[in-house]
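Structure at a glance
One letter stands for each residue in the lines below.
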Amino acid sequence: MADEVIAEPDSTAVRVALWRAMHVEVDAPPPVLDDRIGLLLAAPEEGWRSRGDMDAQRTRAFRASIIARARFIEDLAVEQAASGVGQYVLLGAGLDSFAQRRSEVDLRIFEIDRPGPQAWKRQRLAELGLGVPDRLRFVPVDFEAGEDWWEWLVTAGFDPARPAVVASTGVSLYLTREANAATLRRLAALAPGSTLAMTYLLPMELADPEERPGREMAEAGAQASGTPFLSMFAPEEMRQVAGDAGFRDVRTVSAADLAERYFAGRADGFRPSKSEEILVATT
């Protein structure tokens, strides 16, 4: 649209996309996830690999976490599609490329994100010749203006009467505890047979001591950039919040679970950070 405001994605979304691409380039094969489309979208300046946040060695654990959670959620989406679920919702989609990479999976995909970065992504997909497949629906939501993402999701063609799989990665830590609880209550009202996979950050005292300096730097950087970390949960607390919200079945997936599932047998020591876990909840 001519009057559409286009704004580049935030640094966190770009960092996630670049780490996913770096995994294929710098980590020992076989890759846990093969995704280089985000790199094409971001088109970083020459020398981007020399940036501090791209240091291949220092970012290994955090990069592995990004890869592990993405692989887990994509496997979940594929599994749900095979069982008859036809809708896949990404809250805070960023530069996710599932719609472009997994065309064989029978899902209608809804990407929810801020209008400016989403318009930028759509433009970049067109410039790269990737386009927007018919099964992909962009759902621009101005969260700062208080817009209701659920209303816009339904307007985009989402059917509340049919089950869905919903993914929310790297979002809960930026929301207040009240906002997290409200989001969970909304999602718990999805049609029976729906599944939510949501990442959450562990409190600092539960983080691996070796990872705490990196966590402290990340938190300080987020605070300085105006996007502070607001919510962290212990696993039992996260399960309680989801249960109170109305989910029928609730479990948490730890970094150790992900390491056993996707990283067993690797000789390079590539393992996910122990700071982040995944809530899996069904209606």
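Look a little higher up for the structure.
What comes next concerns the included structure. All of these numbers come straight from a predicted model, not from anything done at the bench. (Residues numbered from 1 in each chain as written. Predicted model: local features only at pLDDT ≥ 70, side-chain atom pairs only at ≥ 80, totals over all residues. Heavy atoms only, no water.)

1. Looking at the overall build of the chain
Going by this rule: Elements are defined by DSSP. Helices are runs of H or I of four residues or more, strands are runs of E of two residues or more, and each kind is numbered from the N terminus. In this treatment the radius of gyration is a C-alpha quantity, and the globule benchmark scales as 2.2 Å times the residue count to the 0.38 power. The rule is simple: take the accessible area with a 1.4 Å probe, protein chains only, and divide by the maximum for that residue type; under 20% is buried, over 50% is exposed, in between is partly exposed. Whether two residues are in contact is decided by their heavy atoms, any of which lying within 4.5 Å being enough. Computed with the Shrake-Rupley method and a 1.4 Å probe, the accessible areas treat only the protein chains shown as cover for residues. Just so you know, the count uses Lys and Arg for positive and Asp and Glu for negative, and it drops His and the chain ends. For the purpose of locating charges, the reference atoms are NZ of Lys, CZ of Arg, CG of Asp and CD of Glu.
Secondary structure summary: the chain contains 10 helices and 7 strands in total. Since a compact globule built from 283 residues should have a radius of gyration of about 19 Å, the 18 Å found for the chain is in line with a globular shape. Based on the C-alpha atoms only, the size of the chain along its principal axes is roughly 45 × 45 × 40 Å. Sorting the 283 residues of the chain into buried and exposed places 50% on the buried side. At a minimum sequence separation of 6, the contacts of the chain that also span at least 24 residues come to 74%. Summed over all atoms, the accessible surface of the chain reaches about 13,300 Å², with 51% contributed by carbon and sulfur. Charge centroids of the chain, computed over 32 positive and 44 negative side chains, lie 4 Å from each other.

2. Quick look at empty space enclosed by the protein
Note the cut-off: Each cavity reported here is a set of points on a 1 Å grid over the protein atoms alone in which a 1.4 Å probe fits but cannot get out, each pocket an open set with protein on both sides within 12 Å along at least five of seven lines, and each lining residue one with an atom within 4 Å of a point. Grid points are joined across faces, edges and corners, and a volume is the space filled by probe spheres set on the points.
One pass over the full model with this rule turns up 1 cavity of 30 Å³ or more. Of the pockets and cavities examined, the largest cavity occupies roughly 40 Å³. In terms of lining residues, the largest cavity is bounded by Ser65, Ala68, Arg69, Leu258, Pro272, Ser273, Glu276, Glu277 and Ile278. Elements represented by at least two residues in the lining of the largest cavity include exactly α3 (60-82) and β7 (276-282).

3. Here we look at the pairing of β7
Short version of the rule: A pair of strands is treated as paired once DSSP finds two or more bridges between them.
Burial of β7 is extensive: 7 of the 7 residues sit out of reach of the surface. Residues Glu276, Ile278, Val280 and Thr282 point to one face of β7 and Glu277, Leu279 and Ala281 to the other, with burial holding for every one of them. Pairing between strand β5 (residues 195-201) and β7: 7 bridges, direction antiparallel. Bridge assignment links Leu201 to a residue of β7, and that residue is Glu276. Of the pairings in the sheet, the one linking strand β6 (residues 249-253) to β7 comprises 5 bridges and is antiparallel in character. Looking at the pairing, Arg251 lines up with Val280 of β7.

4. Examining the sheet that holds β5
Going by this rule: Comment: axis = line fitted to C-alpha atoms, over the contacting stretch for helices; angle = value between 0 and 180 degrees taken between N-to-C directions.
Here we have 7 strands laid out as an open sheet, ordered β3-β2-β1-β4-β5-β7-β6, and mixed in their pairing. Of all the strands in the sheet, the pair left with one neighbour each is β3 (136-140) and β6. Averaged over all pairs of adjacent strands, the angle between their axes in this sheet comes to 15 degrees, without regard to strand direction. For strand β1 (residues 87-91) and strand β4 (residues 164-168), the ladder comprises 5 bridges, and the chain directions are parallel. Looking across to β4, one finds that Leu90 is bridged to Ala167. Where helix α10 (residues 255-263) meets the sheet, it contacts β6 and β7, and its direction lies at approximately 75 degrees from that of β6.

5. Some words on the pairing of β5
The element β5 is extensively covered by neighbouring structure, given that 7 of its 7 residues are classed as buried. The alternating pattern of β5 places Thr195, Ala197, Thr199 and Leu201 and Leu196, Met198 and Tyr200 on opposite faces, both of which are buried. Across 4 bridges, β4 lies against β5 in parallel orientation. For Val166, the partnering residue across the bridge sits in β5 and is Leu196.

6. Details of the packing of helix α7 (residues 177-188) against helix α9 (residues 235-245)
Stated precisely, the cut-off is as follows: Oblique is the label for every angle not falling under 35 degrees (roughly parallel), over 145 degrees (roughly antiparallel), or within 65 to 115 degrees (roughly perpendicular). Crossing handedness: left-handed means the near helix sits turned counterclockwise from the far one by under a right angle, and right-handed means the same turn made clockwise. When residue character is reported, Ala, Val, Leu, Ile, Met, Phe, Trp, Tyr, Cys and Pro are called nonpolar, Asp, Glu, Lys and Arg charged, and the others, Gly included, polar.
Direction vectors running N to C along α7 and α9 enclose 50 degrees, while the axes themselves pass 8 Å from each other. Overall, the two elements α7 and α9 adopt an arrangement that is oblique. With respect to the hand of their crossing, α7 and α9 are arranged in right-handed fashion. Contact residues: α7 offers Arg177, Leu184, Arg185 and Ala188, while α9 offers Glu237, Met238, Val241, Ala242 and Ala245. Residues that form the contact of α7 with α9 fall into these classes: 6 nonpolar, no polar and 3 charged.

7. Things to note about the packing of aromatic side chains
For any pair of aromatic rings, the description rests on two quantities: the centre-to-centre distance and the angle between the ring planes. Formally: Ring geometry is summarised as follows: Phe, Tyr and Trp rings, the Trp one being its six-membered ring, pair when their centres sit within 6.5 Å, and such pairs are stacked at plane angles under 30 degrees, edge-to-face over 60 and tilted between the two.
By the definition in use, this model includes 6 aromatic pairs. Ring centres of Trp149 and Trp150 lie 5.9 Å apart, and the angle between their planes is 80 degrees; this geometry places the pair in the edge-to-face category. Considered together, Trp149 and Trp150 belong to a single accessibility category, that of buried residues. Taken together, a centroid distance of 5.8 Å and an interplanar angle of 70 degrees make the contact between Trp150 and Phe158 edge-to-face. The residues Trp150 and Phe158 share a single accessibility class, namely buried.

8. Re unusual backbone geometry
Put simply, Pro29 and Pro30 share a cis peptide bond, and its omega is 0 degrees. At Ala43, a residue that is not glycine, the phi angle is positive and equals roughly 45 degrees. Tracing the backbone through its elements, the reader meets Ala43 in the loop between α2 (37-42) and α3. For Ala43, a relative accessible area of 49% puts it in the partly exposed group.

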